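Summary of the model geometry
Chain by chain, the residues:
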Amino acid sequence: MVHLDRLDADLIGLLERNGRMGVAELASSLGVARNTIQSRLRRLEESGLLRGFRPDIDLDAAGVAVQAFIALEVEQGRLLKIAELLTAMPEILEIHVTTGREDLLARVATESQAGLQQLIEHIVSIPGVVHSATTLTLTTPLLYRIEPLLDKLTRSRGWGRSTPAPKD
């Protein structure tokens, strides 16, 4: 487990807003030395906490108009094999193992409702899939974010090893 402080949270927040910021720009924005930013990034990457920098794609603009969540109930002992088969499908964006009636929750995207229907038919034909429930996404009022949570977690931890927490 990585101990995060305010500087880490602020650094990750800047990267969340603009993953293309360079080390010098990050250092300038945060008012710290370039070496500090480089060592922080290295520590966050080597610890596995920071897993990379990805583009934020507007799927609608890319012509992928239909997004949905498909919850799957699967036979015991088949979960990993089914997750592996789902991973091979390009329309599957994410897979989560869940508790409750359904065992897997997949976020999917297709170009059309007909494409979604074909995808669902393909998924439910996988041996071991017992039940599926699909929920269409109409809009996304909040995209994935991490900055507010990190802000809350690090609010009282100080900003760097020798700097006390800022007074609110």
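Residue indices follow the written sequence of each chain, beginning from 1 at its first position. pLDDT decides what is reported in this predicted model: residues at 70 or higher carry local features, side-chain atom pairs at 80 or more are listed and counted, and totals for whole chains, interfaces and linings draw on all residues regardless. Heavy atoms from the whole structure form the basis of all side-chain values; hydrogens and water molecules are not counted.

**Overview of the sheet that holds strand β3 (residues 104-110)**
Between any two strands, pairing holds if DSSP finds at least two bridges. Counting from the N terminus, the helices are the DSSP runs of H or I reaching at least four residues and the strands are the DSSP runs of E reaching at least two. Strand order in the open sheet formed by four strands is β2-β3-β1-β4, with antiparallel pairing between adjacent strands. What marks the edges here is a single partner per strand, and that holds for β2 (92-97) and β4 (129-137). Between one strand and the next, the sheet's axes are offset by a mean angle of 20 degrees, whatever the strand orientation. Pairing of strand β1 (residues 66-74) with β3 involves seven bridges; the strand directions are antiparallel. Among the inter-strand pairings, L72 is bridged to a residue of β3, identified as L104. Across the sheet, helix α5 (residues 113-124) touches β1, β2, β3 and β4, and the angle it forms with β4 is around 160 degrees. Between N-to-C directions, angles span 0 to 180 degrees; the directions come from axes that are lines fitted to C-alpha atoms, helices contributing only their stretch in contact. Contacts between residues were defined by any pair of non-hydrogen atoms, one from each residue, lying within 4.5 Å.

**Focus: the pattern of salt bridges**
Oppositely charged side chains can form a pair if their charged atoms are brought close together. A carboxyl oxygen of Asp or Glu within 4 Å of a side-chain nitrogen of Lys or Arg is what we treat as a salt bridge. In this structure the tally under the stated criterion is 10 salt bridges. A salt bridge links E73 to R101; its shortest N-O distance comes to 3.3 Å. In this pair, E73 sits in strand β1 while R101 sits in the loop between β2 and β3, placing the two residues 28 residues apart along the sequence. Only protein chains enter the calculation, and the probe is 1.4 Å; a residue is then buried if its accessible area is under 20% of its type maximum, exposed if over 50%, and partly exposed in between. Judged by relative accessible area, which is 23%, E73 ranks as partly exposed. Looking at R101, the relative accessible area reads 53%, which means it is exposed. We note a salt bridge from D151 to R155, for which the minimum N-O separation is 3.2 Å. Classification of D151 by relative accessible area gives partly exposed; the value is 28%. For R155, a relative accessible area of 42% corresponds to the partly exposed category. Three or more residues are tied together by salt bridges with common partners; here these are D5, D8, R40 and R43.

**Focus: the pairing of β2**
Relative to β3, β2 is paired through five bridges, and the arrangement is antiparallel. Considered in β3, the bridge of I92 is made with V108. Hairpin connection from β2 to β3: six residues lie between these consecutive antiparallel strands, with G100 at a positive phi of about 100 degrees.

**A look at the layout of surface pockets**
A pocket, in this scheme, is an open set of points on a 1 Å grid over the protein atoms alone with protein on both sides within 12 Å along at least 5 of 7 lines, while a cavity is a set where a 1.4 Å probe fits but cannot get out; residues line either one if an atom lies within 4 Å of a point. Grid points are joined across faces, edges and corners, and a volume is the space filled by probe spheres set on the points. In this model, the largest pocket occupies a volume close to 1800 Å³. Breaking the lining of the largest pocket down by element, the ones donating at least two residues are α1 (6-17), β1, β2 and α6 (147-154).

**Thoughts on helix α3 (residues 34-46)**
By this rule, a helix spans an expected 1.5 Å times one less than how many residues it contains. Between the first and last C-alpha of α3 there are 18 Å, a value that for 13 residues agrees with the 18 Å anticipated at 1.5 Å per step. Those residues of α3 not exposed but buried are I37, R40, L41 and L44. Down the axis, α3 shows its buried residues gathered within 95 degrees of arc, on one side only. The exposed residues of α3 that point more than 90 degrees off its buried face are N35 and E46. Buried positions along α3 lie against α1 and α2 (23-30). Of the residues one or two after α3, G48 is the one with positive phi, at around 90 degrees. Along the arc lie the directions from the helix axis toward the C-beta atoms.

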